[in-house]
Amino acid sequence: MKVAYWPGCVSRGFTPELHGSMAKVAPLLDIDLVELDRACCTGAGVIAEHNQELADTLNARTFALAQQVEGAELMMNICSTCQGAQSECQERLDASAEYRTQINETLAGEGLSYERGLTNKNFLWLLVEEIGLDELRARVKRPLTNLRVGPFYGCYIVRPRRRLGIDSEHRRDEYLHMVIEALGGTVIEYAGMRKCCGFPIITMNKSASLKQAARHLGDAADAEADCLVTPCPLCHLNLDLQQPLAEREAGRRLAMPVLHLPQLVGLALGVEPKELGFSRHIVRPTSVIDWSTAVVGAAA
Amino acid sequence: MATSTDRPPEEFTLRVRRYNPESGSAPYWDEHTVELEPHRSVLEAILQARDRFDGSIGIRCSCRQAICGSCGVRVNGEPALACHTHLDAAKTSSSDGVIVVEPMGNMPVIKDLIVDMDAVHWKKIERVTPWLIAKEPVPEREYLVSHDAMVDVTQTMACIQCGACVSDCLSMEVDPGFIGPAALAKAYRFVGDPRDAAQFDRLNDLAQDPDGIFDCTHCFKCVEACPKDVNPMGQIMRLRRIATADHHIVDRNNGERHEAAFTTLVRDYGLNFEAELLSRSYGGNSWFGKFKPAAAKELLSSVPVIVRGLLTGKFNPKLALLGHKISKRDLDGVRAIYDKVEGRPERLELNLYVTGSDEDQTPSHANGAARADARAADASGVEPAQAASAASVADADPDASAHQDSGVEAGDGALADEEARAPAGEEETSG
């Protein structure tokens, strides 16, 4: 399937392994990525905090660009924070024709216009709803047998439920569980899997931010997870990049690898760890690499 | 959730967390099976369990109509008003068919399901000066204000002070000093009131306080917890917006600098420039910000992370120094948007709580969840699920805050028995 692909800023900045691993995984799932390289940052909620109309217009511009991609079935992102920020803007844009007209007047200078009703899905949602778990299962080449994976959803992709289309019939807040299982892994539950990683306040209250990260990492370690997996690169920054500082804050060794979702999917689809950018993690996913080496060794 | 009222009574099992700090014993779980119609509330089930099996169960309640805010608890791990949660819905959302009822979080337990609201919630409400500071001169008769100006604060006035948002606040979980969602929503009720004389002072106070508006971690927990659609996090963002954009308050918590730097960098680059954002958040919103002592100190403290980032190849030095940009043509388009929107004499804000939606929500249902249904329906011939509606004002009760805090605390049976038998609407309320 062809998708208008929004990688976000961080996947091309401080988490380049995310964008890279998505590029490796897409062809294995027959996803044709048409990158929205003209689009700008979603504002991550911060621009909306500064000026709501500004954030709505910038995102409407991205939506309009996505709607121009010929043959694309929908827009796809690989960043929960982008999903949350874009969903918030889209909710307002789609709720009022008058408001949308005003926003489109601003976009007219570039010949762009947003038409109500764009479908914008995070890769996680696309995996479950568009590709389907059965199809995903069928494509697994290296089942994640005995790999103990803790899902880390973060906030932006699970709240608020109404805006994100989550209800008893659409359990998007359980999709990471379902994907880990479909890939053959073991889901490890722990208290903080749908809590905040702390990233949004890292510059405002660093101690509280690191405490949040440390608590979740510690809970996952106590539950004997081999690694975490997250659909959010900003969560990845606080959980992986800041983990050495979180260890200091917590006063304990954590050593918890944190994978991006496309990395975990790629691993199960048979992509080699070195091609998935594992070497770029601050906390080297040794447990995952050892696991994959053992699996390959056993198969040989 | 719509619940039919003509179904016969069924058995429901409650698992209630019991704890009496004065006893010296550890908390424990009690299970009781009650018989009630499925549309009855979790509160009615608790009261029946107390009537029939154990008069010592502690629960605070009063109106039983989701107005007084007294019966906040956790049902199956989620904050809720016990009186506003149907038994069939609670059973459905339970993991094993047993409805788990616990006291709210982030507040000390007085007994069983009763938490100490005074120790946390009310103390924080007092912290934000929750009354109008009248503009001078005070008119001889009432103040005259425009309808629109007061509509703006009705969302915060819908708060019934139940504490559900406080219970679930993730900032408060790691930083109990955080003023918190309920109190900050209350602060907006006065900051947004055109009759109030202290807008700047209130905002300056809340911006400078390390436990103030910039301590919110933007997790949406309070938005989700609130039974009245108050959207406390949204009110906190509005406080930040007025503090920074209107009053240009530069706080000591990096809040204003972070917001200004983020907004400027997206204008200048089209994309987020993480390294520059970090240093500007500490040192000020300019290229020279990184040379300010506060930024240098932060960079020094992050040396272990920076070194590991460079060694692993996570940080591309060129990218870290120069950032990444969209094309000049697109950057011109982005800047034109900034110029037009920021050049408006007044900010345009759409609050769906106030305006509702003027569109049928079905086609765009929440990022394509309906699309998935439609695909499944194509295959099975089943109709797609109905779309969720946009924010509604139906539950709003602008005067509800006047009814808060019933003060009825039942712990040892006798007091509670009276409560349980009194018909709704005739119970004592105070406050």
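A brief structural summary. (Residues numbered from 1 in each chain as written. Chains lettered and ligands numbered in written order. Predicted model: local features only at pLDDT ≥ 70, side-chain atom pairs only at ≥ 80, totals over all residues. Heavy atoms only, no water.)

In this section: the sheet that holds strand 8 (residues 258-260) of chain A. All names here are of chain A. Spatially, four strands are ordered 6-5-7-8 in an open sheet, and the strand pairing comes out parallel. Looking at the sheet topology across the chains shown, the edges are occupied by strand 6 (186-187) and strand 8. Strand direction decides the pairing type here: strand 5 (residues 148-151) and strand 7 (residues 227-230), joined by three bridges, are parallel. Its bridge partner being in strand 7, Val-149 is matched across the sheet by Cys-227. (Pairing = 2+ DSSP bridges. Helix = DSSP H or I, 4+ residues; strand = E, 2+ residues; numbered from the N terminus.)

In this section: the interface of chain B and chain A. With 85 residues of chain B at the contact, the number on the chain A side is 93 residues. Across the chain B to chain A interface the summed buried area is about 7800 Å²; carbon plus sulfur atoms make up 55%. Here chain B is connected to chain A by 10 salt bridges. Across the salt bridge formed by Arg162(A) and Asp229(B), the nearest N and O atoms sit 3.6 Å from each other. Taken together, chain B and chain A are joined by 29 residue pairs in polar contact (both at pLDDT 80 or more). The leading source of residues in the side of chain B that touches chain A is helix 16 (residues 328-342) of chain B, at nine residues. Class assignment of the residues belonging to the side of chain B that touches chain A gives a composition of 34 nonpolar, 25 polar and 26 charged. (Contact = heavy atoms within 4.5 Å. Buried area = accessible area lost by both parts, 1.4 Å probe. Salt bridge = Lys/Arg side-chain N within 4 Å of Asp/Glu carboxyl O. Polar contact = N/O pair within 3.5 Å; in protein donor to acceptor, adjacent residues only side chain to side chain. Nonpolar A, V, L, I, M, F, W, Y, C, P; charged D, E, K, R; others polar.)

What follows covers helix 5 (residues 97-107) of chain A. Every buried residue of helix 5 of chain A is accounted for by Tyr99(A), Arg100(A), Ile103(A), Asn104(A), Thr106(A) and Leu107(A). In an axial view of helix 5 of chain A, the angular spread of the buried residues amounts to 150°, which keeps them on one side of the axis. Those residues of helix 5 of chain A that are exposed and angled more than 90 degrees off the buried face are Glu98(A) and Glu105(A). Residues of helix 5 of chain A that are buried in the fold lie against helix 3 (52-67) and helix 4 (80-95) of chain A together with helix 16 of chain B. (Buried < 20%, exposed > 50% of the residue type's maximum accessible area, 1.4 Å probe, protein only. Arc of directions from axis to C-beta.)

Taken as a whole and assessed by the stated rule, the structure comprises six aromatic pairs over all chains. Look at Phe63(A) and Tyr114(A): their rings are 5.5 Å apart centre to centre, the planes differ by 55°, and that puts the pair in the tilted class. Of this pair, Phe63(A) sits in helix 3 while Tyr114(A) sits in the loop between helix 5 and strand 4 (120-122); the two residues are 51 residues apart in sequence, bridging distant segments of the chain. Tyr114(A) carries the same exposure label as Phe63(A), and that label is buried. Here the aromatic rings of Tyr269(B) and Phe273(B) are separated by 5.1 Å at their centres, their planes lie at 70°, and the arrangement is edge-to-face. Tyr269(B) gets classed as buried once you look at its relative accessible area, which sits at 15%. By the ring-pair criterion, three or more aromatic residues cluster together here, those being Trp287(B), Phe288(B) and Phe291(B). It is Arg194(A) that lies over the ring of Tyr153(A); its NZ or CZ is 4.9 Å from the centre. Sitting over the ring of Tyr269(B), Lys325(B) keeps its end group 5.2 Å from the ring centre. (Phe/Tyr/Trp six-rings, centres within 6.5 Å; stacked < 30°, edge-to-face > 60°. Lys NZ or Arg CZ within 6 Å of the ring centre and 35° of its normal.)

For the rest of this paragraph, the subject is helix 11 (residues 233-241) of chain A. Burial analysis of helix 11 of chain A places nine of its nine residues in the buried class, the great majority of the element. Turning to helix 11 of chain A, its buried residues number three or more, namely Pro233(A), Leu234(A), Cys235(A), His236(A), Leu237(A), Asn238(A), Leu239(A), Asp240(A) and Leu241(A).

This part covers the packing of helix 1 (residues 16-25) of chain A against helix 13 (residues 261-268) of chain A. A pair of packed helices can be characterised by two numbers: the angle between their axes and the separation between those axes. Residues and elements named next belong to chain A. Contact geometry of helix 1 with helix 13 gives a least axis separation of 8 Å together with a crossing angle of 35°. In this structure, helix 1 meets helix 13 at a crossing whose hand is left-handed. Residues Glu-17, Leu-18, Ser-21, Met-22 and Val-25 of helix 1 form the contact with helix 13, whose own contacting residues are Pro-262, Gln-263, Val-265 and Gly-266. When grouped by side-chain class, the residues that make up the contact of helix 1 with helix 13 number five nonpolar, three polar and one charged. (Axes fitted to C-alpha atoms, helices over the stretch in contact; angles between N-to-C directions. Left-handed = near helix turned anticlockwise from the far one by under 90°.)

Moving on: empty space enclosed by the protein. Residue and element names in this part refer to chain B. Within this structure, the stated rule accounts for eight cavities of 30 Å³ or more. Forming the boundary of the second largest cavity are 16 residues, of which Cys-159, Gln-161, Cys-162, Cys-165 and Cys-226 lie nearest the centre. When residues of the lining of the second largest cavity are traced back to their parent elements, those giving at least two are helix 5 (164-168) and helix 7 (181-191). Here the lining of the second largest cavity is built from residues that sort into 12 nonpolar, three polar and one charged. (1 Å grid on protein atoms, 1.4 Å probe; cavity = no way out; pocket = protein on both sides within 12 Å on 5 of 7 lines; lining within 4 Å. Points joined across faces, edges and corners; volume = space filled by probe spheres on them.)

Okay, the sheet that holds strand 1 (residues 2-6) of chain A next. Backbone hydrogen bonds hold the strands of a sheet together, and the pairing may be parallel or antiparallel. Residue and element names in this part refer to chain A. Within the open sheet, the four strands sit side by side as 2-1-3-4. Their pairing is parallel. Whereas interior strands pair on both sides, the edge strands pair on one side only; in this sheet they are strand 2 (32-35) and strand 4. Averaged over all adjacent pairs, the angle separating strand axes in this sheet is 40°, with direction ignored. Taken together, the four bridges between strand 1 and strand 3 (residues 74-77) define a ladder with parallel strand orientation. Pairing of Trp-6 across the sheet is with Asn-77, part of strand 3. Helix-sheet contacts for helix 1 involve strand 1, strand 2 and strand 3, and the interaxial angle to strand 2 is about 140°. Running at roughly 100° to strand 4, helix 6 (residues 123-131) makes contact with strand 1, strand 3 and strand 4 of the sheet.

For the rest of this paragraph, the subject is unusual backbone geometry. With an omega dihedral of -10°, the bond running from Arg159(A) to Pro160(A) counts as a cis peptide bond. Turning to its location among the elements, Pro160(A) is positioned in the loop between strand 5 and helix 8 (161-164). Omega for the bond connecting Glu136(B) with Pro137(B) falls within 30 degrees of zero, at -10°, which places this linkage in the cis form. Mapped onto the fold, Pro137(B) is located in the loop between helix 3 (118-127) and helix 4 (147-157). Phi is positive for Asp30(A), close to 60°, though the residue is something other than glycine. Mapping Asp30(A) onto the fold places it in the loop between helix 1 and strand 2. The class for Asp30(A) is partly exposed, based on a relative accessible area of 45%.

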